[in-house]
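Structural features, examined
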Amino acid sequence: MNAPADPKKLIKGATGDWEVVVGMEIHAQVTSKSKLFSGASTEFGGEPNDHVSLVDAAMPGMLPVINEECVAQAVRTGLGLKAEINLRSVFDRKNYFYPDLPQGYQISQYKSPIVGEGEVLVDMIDGTQIRVGVERLHLEQDAGKSLHDQHPTMSFVDLNRSGVALMEIVSKPDIRSADEAKAYVTKLRTILRYLGTCDGDMEKGSLRADVNVSVRKPGDPLGTRCEIKNVNSIRFIGQAVEAEARRQIGILEDGGVIKQETRLFDPGKGETRSMRSKEEAHDYRYFPDPDLLPLEFDQAYVDALAAHLPELPDAKKARFIAEYGLSPYDAGVLVAERDQADYFESVAKGRDGKAAANWVINELFGRLNKEGLDIGASPVSAAQLGAVVDLIGEGTISGKIAKDLFEIVWTEGGDPRALVESRGMKQVTDTGAIEKAVDEVIAANPDKVQQAIAKPTMLGWFVGQVMKQTGGKANPQSVNDLLKAKLGI
Amino acid sequence: MTDPTKLTLAEARDALANKSLSAVELTGAFVSAVEKARDLNAYVLETPDKALAMAKASDDRIAKGAAGPLEGIPLGIKDLYATEGVRTTAGSNILRNFVPAYESTVTSQLWRDGAVMLGKLNNDEFAMGSSNESSAFGPAVSPWRRPGSNAQLVPGGSSGGSSAAVAADLCLGATATDTGGSIRQPAAFTGTVGIKPTYGRCSRWGIVAFASSLDQAGPIAKTVRDTAILLRSMAGHDAKDTTSADIAVPDYEAAVGRSIKGMKIGIPKEYRVDGMSSEIEALWMQGIEWLREAGAEIVEVSLPHTKYALPAYYIVAPAEASSNLARYDGVRYGLRVPGKDIAEMYENTRAAGFGKEVRRRIMIGTYVLSAGYYDAYYVRAQQIRTLIKRDFETVYAAGVDAILTPATPSPAFGVGEMGAADPVEMYLNDVFTVTVNMAGLPGLALPAGLSSDGLPLGLQLIGRPFDEETLFSVGEVIEKAAGRFTAPDRWWA
């Protein structure tokens, strides 16, 4: 655990540099139609207590029955994290009283989780890659929700979420900065979304993080950690790590000690505050749930799930680089979402990969971002964008005209090739017409001609003038060649 | 027919089938017997209208030739079984007004087969007790009395309402549950027959949980044959209980009367506990003799970890109970006693809703699961449980077909006589029965004689996993030799 600290990641304090150490517990809601141990729907929304079975309400004599799809999803996720799959795992009861916990215990996995050690490779923006170890993944029930704003003196309880399956994914304390923490969650979310095991929707609470933060002087043993509960956006995760690390450094530099405790992040104030101390921590009295037999399956079951896993982001990125000649950065951008990668591949199929990536990333993603749209809502289809790339590639339109064409397809739709025809956007390759324009520009600007002969980079000005004269339709290469010839440069 | 309530279940079934008796007549007789027997406090809820409506429907099915195997048979249901639209309390104030919107799997199978529900039977609160005295409805009383005495005797527990009702002819059979002896001890105390089937034989779905890894449903009835008939309807796999076994249910009744010639019956030496009364010892010897006469081979066997069973049981069962009973928190259903905040509401509700014995076991269970104590208590108790299971496996692997033991260390005691000062005195009632729950095996208790003061004494047969049939075969041999033991005149009516 004492790998040399990377100086770039250190935080400057009054007494020198500090290293922040972060480990995370991610609660990811399993994508499944029904809950972990009951047949009730997991649909988001609905009136309070619409999706509650007798089991979820913990009526007397009710028994949990494991939802096989949730088990398969956990195994798929384990495979996606290159983790060890445990063929035998055990469900335990975590006992505590809370109004939104109807059974008085949460069914979870304590000593024997379904998935053991794995890893997540995280690409940082500076091109470096870090490896974050996964300690374990286990299945557990979500709790319901207490509503405190419905009645002057009472609280209400909504059990729609009660019993929904969660995967708790516990990382090793391998994260060394707020940026790494954000990048880790982003990457994990991407993997889960590729696998289809969690929709990763943080606004709906499908993905929440408990962030464990400690600080130390580089080379020192791990410091005392504080756990920041239930951080529900990637941005807040970064802010919470920063704020908590600063707080701890402040205490330590003032000669204080860090108390192990559970804290909450207040995004409004940008600070964490104490929720409960270690002494106040519950004694959960874990023991194996006697209502459920140990969960057992064989390697063939795992192999069958493995055989149907989709291509995951790391593999896809490597393939994009090898197959389409993309830069690692572009490939990384494209694979961040499976839909984006699929879109790119449709555009790139049978075309120049780099040109396709360029158009998808710069034009399409840029425009989608500006409009706040998902790739699924793109008004320009992959076939349409592919046609635009084709038209450039075959020299029918120039890159500049292509941007205009993209704009027309975005707002009005239509077949790009037909649009180019009907609106006369075709590039002029007729040398006669271009030559005429070139001659006119040279004739009209004798002073500039002199300047250009002295300073050949002035050629660009002439190109611009000719393009202007031809409405942008002249083939830029032909313009260049003719100008060079005529000006003798 | 003078009094159809005196019939056995099998006799009543035959009378209904040959139409010498109608289901409505039969049910009517029981409804009025139940009304007259309120002093026994066996029923905590009578459902006469429902019973007669069900009986009428049975008569219609009998007329159409569409009778089920239990058509028109009036039964009492332990109040631990959820019955749809019919109050289900588990004998606790915390569920005093609880009316489930669902029917337990076991009772729904009984109704599927044509049985009629007379009402809900008393039991120790959450099935925690050996005398029915911990019930929020007060104790059920045994129809048995010591000759020349008016002292009230307990019918055993926790299924005391079930055993009292069967012994007093207030139903032809009753459902019961057994976590540490709660079917077998009440049967032994009342001269009735009770079987705790193999763990997983009956679904636990819809039965209020006490200790999930030990709880099993089973019947109490007047004869071995009657329990065999009832168990066939109660047993079976249920997808809603993943601990229930997907194993076909045999025709148990067919095993009644089967020869036991050549069977090997084990006699465990460790069951000769210190201070065992001579009459229990004599009863056991008598049982051995009957089986030998019927052609069984008697072998001494050893179950060396028996002495650890009771202490281990009183760790495992309260541990599970402390968690199982956490749901009774006043939030969603059942009793709620308000408080200034949620914690105080919990405290007030649970203090008012649970009786003393239940509170005691919740505290024991919470303690043994606590950080720092878990390994010393719960883990060790589970290790002992494994050893107990292995003891039995070793014996059965050596070819033993069933094991014969006493059912209880004593005959029934008086209401209020036991356990007031020292709860362990009460817990010792389970000394012969808890091993069977710890090992998940089937156990049958049946009457084999009377004590010196004229009260029933029972023997217990322990079988191989899912081999209830052998218990019925062997049990019937003892029953035939010992005869039936019926309660004295109806002093309560």
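**Regarding the overall build of chain B**
- Within chain B, the secondary structure is distributed over 15 helices and 11 strands.
- For a compact globule of 493 residues, the expected C-alpha radius of gyration is about 23 Å, and chain B comes in at 21 Å, within 12% of that figure.
- Its C-alpha atoms put chain B at 65 × 50 × 50 Å along the principal axes.
- Here chain B holds 493 residues, and 62% of them are scored as buried.
- A separation of at least 24 residues holds for 76% of the contacts in chain B among residues at least 6 apart in sequence.

**Considering the overall build of chain A**
- A tally of regular secondary structure across chain A gives 15 helices and 16 strands.
- Expected size for 489 residues packed as a compact globule is a radius of gyration near 23 Å; at 30 Å, chain A overshoots this value by more than 25%.
- Based on the C-alpha atoms only, the size of chain A along its principal axes is roughly 95 × 55 × 55 Å.
- Looking at chain A as a whole, 42% of its 489 residues are labelled buried.
- Across chain A, every contact between residues at least 6 apart in sequence was considered, and the portion connecting residues at least 24 apart equals 69%.

**A short note on helix H9 (residues 309-324) of chain B**
- Taking 1.5 Å per residue, 16 residues should reach 22 Å; H9(B) reaches 22 Å between its end C-alpha atoms and fits that length.
- With 15 of 16 residues buried, H9(B) is to be regarded as a mostly interior element.

**Quick look at the domain arrangement of chain A**
- Considered domain by domain, chain A is made up of domain 1 (7-305), domain 2 (311-422) and domain 3 (431-487).
- Between domain 1 of chain A and domain 3 of chain A, the C-alpha centre-to-centre distance is 64 Å.

**A word on the interface of chain A and chain B**
- Listed by partner, the interface residues are 25 residues for chain A and 34 residues for chain B.
- A class-by-class count of the residues in the side of chain A that touches chain B yields 17 nonpolar, 4 polar and 4 charged.

**Some points on the sheet that holds strand S6 (residues 216-221) of chain B**
All names here are of chain B.
- Reading across the sheet, the 11 strands line up as S1-S3-S2-S4-S6-S5-S10-S11-S9-S7-S8 and stay open at both edges, with mixed pairing between neighbours. Looking along the sheet, the strands with just one partner apiece sit at the ends: strand S1 (43-46) and strand S8 (297-301). On average, each strand axis in the sheet is tilted by 30 degrees relative to the strand beside it, whichever way the strands run.
- With 2 bridges connecting them, strand S2 (residues 74-78) and strand S4 (residues 173-178) associate as parallel partners. Following the sheet pairing, glycine 76 is matched in S4 by alanine 174.

**Things to note about the confidence of the model for chain B**
- Counting all residues, the mean pLDDT for chain B is 97, and 100% of those residues have values of 70 or more.
- Across the assembled chains, the prediction reports ipTM 0.96 with pTM 0.91.

**A word on the environment of Glu468(B)**
Residues and elements named next belong to chain B.
- Relative to the helices and strands, glutamate 468 resides in helix H15 (residues 468-482).
- A tally of 31 C-beta atoms within 10 Å means that glutamate 468 is categorised as buried.
- When the C-alpha atoms of glutamate 468 and alanine 176 are compared, they prove to be 17 Å apart, with 292 residues separating the residues in sequence.
- For glutamate 468, the contacting residues outside a window of four places in its chain are Ile195, Pro197, Thr198, Leu231, Tyr252, Pro442 and Gly463.

**Digging into the nonpolar core**
- Grouped together as the largest cluster of nonpolar side chains are 230 residues, with contacts concentrated most on Val211(A) and Leu75(B).
- Discounting residues that sit within four places of it in the chain, Val211(A) has contacts with Val22(A), Met24(A), Ala181(A), Ile228(A), Val231(A), Ile237(A), Ala240(A) and Val241(A).

**Some words on the pairing of S6(B)**
All names here are of chain B.
- In terms of burial, S6 is largely enclosed, as 6 of its 6 residues are buried.
- Covered by surrounding structure in S6 are Gln216, Gly218 and Ile220 together with Ala217, Pro219 and Ala221, the residues of both alternating faces.
- Pairing geometry for S4 and S6, over 6 bridges, is antiparallel. Bridge pairing links glycine 173 to alanine 221 in S6.
- Note that strand S5 (residues 193-196) and S6 share 2 bridges and pair antiparallel.

**As for the sheet that holds strand S15 (residues 287-288) of chain A**
Residues and elements named next belong to chain A.
- In space, the 3 strands of this open sheet follow the order S5-S4-S15, with antiparallel pairing throughout. Every interior strand has two partners, whereas the edge strands, strand S5 (105-108) and S15, have only one.
- Inspection of the sheet shows strand S4 (residues 92-95) paired to S5 by 4 bridges, in the antiparallel sense. Across the sheet, residue lysine 94 finds its bridge partner in S5, namely glutamine 106.

**Overview of the packing of H9(B) against helix H11 (residues 356-369) of chain B**
Residue and element names in this part refer to chain B.
- In contact at an axis separation of 7 Å, H9 and H11 are set at 100 degrees when each is read in the N-to-C sense. On the basis of their axis angle, the class for H9 and H11 is roughly perpendicular. In contact with Ile315, Pro318, Ala319, Ala321 and Ser322 of H9, H11 contributes Arg361, Ile362, Ile364, Gly365, Thr366, Val368 and Leu369.
- Of the residues contributing to the contact of H9 with H11, the split by class is 8 nonpolar, 3 polar and 1 charged.

**Some words on helix H9 (residues 382-393) of chain A**
All names here are of chain A.
- An ideal rise of 1.5 Å per residue puts 16 Å on 12 residues; H9 measures up with 16 Å between its terminal C-alpha atoms.
- Residues of H9 that are buried include every one of Ala382, Gln384, Leu385, Ala387, Val388, Val389, Leu391 and Ile392, and no others.
- Check the buried side of H9 and you find it contacts helix H7 (338-348), helix H8 (353-371), helix H10 (399-412) and helix H11 (416-422).
- Glycine 395, located one to two residues past H9, shows a positive phi value of around 80 degrees.

**Quick look at the pairing of S5(B)**
All names here are of chain B.
- Of the two faces of S5, both are covered, the one formed by Val193 and Ile195 as well as the one formed by Gly194 and Lys196.
- Relative to strand S10 (residues 443-450), S5 runs antiparallel, the two being bridged by 3 bridges. Bridged to glycine 194 within S10 is alanine 445.

So, how was this worked out
Residues numbered from 1 in each chain as written. Chains lettered and ligands numbered in written order. Predicted model: local features only at pLDDT ≥ 70, side-chain atom pairs only at ≥ 80, totals over all residues. Helix = DSSP H or I, 4+ residues; strand = E, 2+ residues; numbered from the N terminus. Rg over C-alpha atoms; globule rule 2.2 N^0.38 Å. Buried ≥ 20, exposed ≤ 12 C-beta atoms within 10 Å, placed from the backbone. Contact = placed C-beta atoms within 7 Å. Expected span 1.5 Å × (residues − 1). Domains from an automatic or database assignment. Nonpolar A, V, L, I, M, F, W, Y, C, P; charged D, E, K, R; others polar. Pairing = 2+ DSSP bridges. Axes fitted to C-alpha atoms, helices over the stretch in contact; angles between N-to-C directions. pLDDT = per-residue confidence, 0-100. Core = buried A, V, L, I, M, F, W, Y, C linked by C-beta atoms within 7 Å. Parallel < 35°, antiparallel > 145°, perpendicular 65-115°, else oblique.

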